[in-house]
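# Descriptive structure summary
Spelled out, the chains give:
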Amino acid sequence: MKKNNLSTMGSQGGASALVVLIMVLFFGGLLTLVIKVGPAYLDDLTIQEAIESLDGTDGLSQMGPARVRTLINKRLSVNNVRGFNAKDISVEKDGDLVVVNVDYEVRNNFMRNLDTVVHFQHRYEMKGQ
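Structural notes, computed from the coordinates. (Residues numbered from 1 in each chain as written. Predicted model: local features only at pLDDT ≥ 70, side-chain atom pairs only at ≥ 80, totals over all residues. Heavy atoms only, no water.)

Among soluble globular proteins, nonpolar side chains are generally buried collectively. Counting residues in each nonpolar core, the largest one holds 24 residues, and the members touching the most others are Ile51, Ile72, Phe84, Val100 and Val102. Elements supplying a minimum of two residues to this core: helix H1 (17-52), helix H2 (65-78), strand S1 (89-94), strand S2 (97-111) and strand S3 (114-127). For this core, the element with the highest residue contribution is H1, accounting for five residues. (Core = buried A, V, L, I, M, F, W, Y, C linked by side-chain atoms within 4.5 Å. Buried < 20%, exposed > 50% of the residue type's maximum accessible area, 1.4 Å probe, protein only. Helix = DSSP H or I, 4+ residues; strand = E, 2+ residues; numbered from the N terminus.)

This brings us to the side chain of asparagine 101. Among the secondary structure elements, asparagine 101 is positioned in strand S2. Only 3.5 Å separates the side chain of asparagine 101 from the side chain of arginine 123, close enough to count as a polar contact. Residues contacting asparagine 101, with those up to four places away along its chain left out, are Asp88, Ile89, Ser90, Glu92, His122 and Arg123. (Polar contact = N/O pair within 3.5 Å; in protein donor to acceptor, adjacent residues only side chain to side chain. Contact = heavy atoms within 4.5 Å.)

Attention now moves to the pairing of S1. Two elements, S1 and S2, share six bridges in a ladder whose sense is antiparallel. Bridge assignment links glutamate 92 to a residue of S2, and that residue is valine 99. A loop of two residues connects S1 with S2, the two strands running antiparallel in sequence, and glycine 95 in this loop sits at a positive phi of about 70 degrees. (Pairing = 2+ DSSP bridges.)

A cluster of nonpolar residues, Val19, Met23, Phe26, Phe27, Leu30 and Leu33, forms a patch on the protein surface that exposes about 560 Å² of accessible area. Mapping leucine 30 onto the fold places it in helix H1. (Patch = residues over 30% accessible without salt bridge, like charges linked within 9 Å, V, L, I, M, F, W, Y side chains within 5 Å. Areas by Shrake-Rupley, 256 points an atom, 1.4 Å probe, with all protein chains shown as cover. Salt bridge = Lys/Arg side-chain N within 4 Å of Asp/Glu carboxyl O.)

Time to look at the pattern of salt bridges. Taken as a whole and judged by the stated rule, the model has two salt bridges. Arginine 107 is the partner of glutamate 105 in a salt bridge, and the nearest nitrogen-oxygen pair spans 3.0 Å. The partner of glutamate 125 in a salt bridge is arginine 123, and the shortest N-O contact between them spans 3.3 Å. Taking the relative accessible area as the measure of exposure, arginine 123 reaches 52% and is therefore exposed.

This part is about H1. The end-to-end C-alpha distance of H1 is 51 Å, a good match for the 52 Å that 36 residues give at a rise of 1.5 Å each. All of the buried residues in H1 are Val37, Ala40, Asp44, Thr46, Ile47, Gln48, Ala50 and Ile51. Among the structural elements, H2, S2 and S3 are those in contact with the buried residues of H1. (Expected span 1.5 Å × (residues − 1).)

What follows is the structure, encoded as structure tokens:
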């Protein structure tokens, strides 16, 4: 007589409570990390767009570094980037080219005594009209 394979299906119960708990903790930690670090990356994208939008600005190559930094700060203020320090932007002139260097890091408390540090560094070479 042939044994029915369906009789062994009753002993299979799926994932155990321990496996479900580990999965919940893993995905909960991953979600917490995304929530804590994600805004830093979104702000960095906004900073990049604000600086790249300067390319082709009238009289950019004749402006001084302080004026270029002021233009960048105004664009960041409009886009609601508040935690960024203008001292992290260095503006240099090389003939008609304006070189903008951005170098900063964002520190966030992940949980208790564990912190996240995200470092951003960009270099832009622009020429005004």
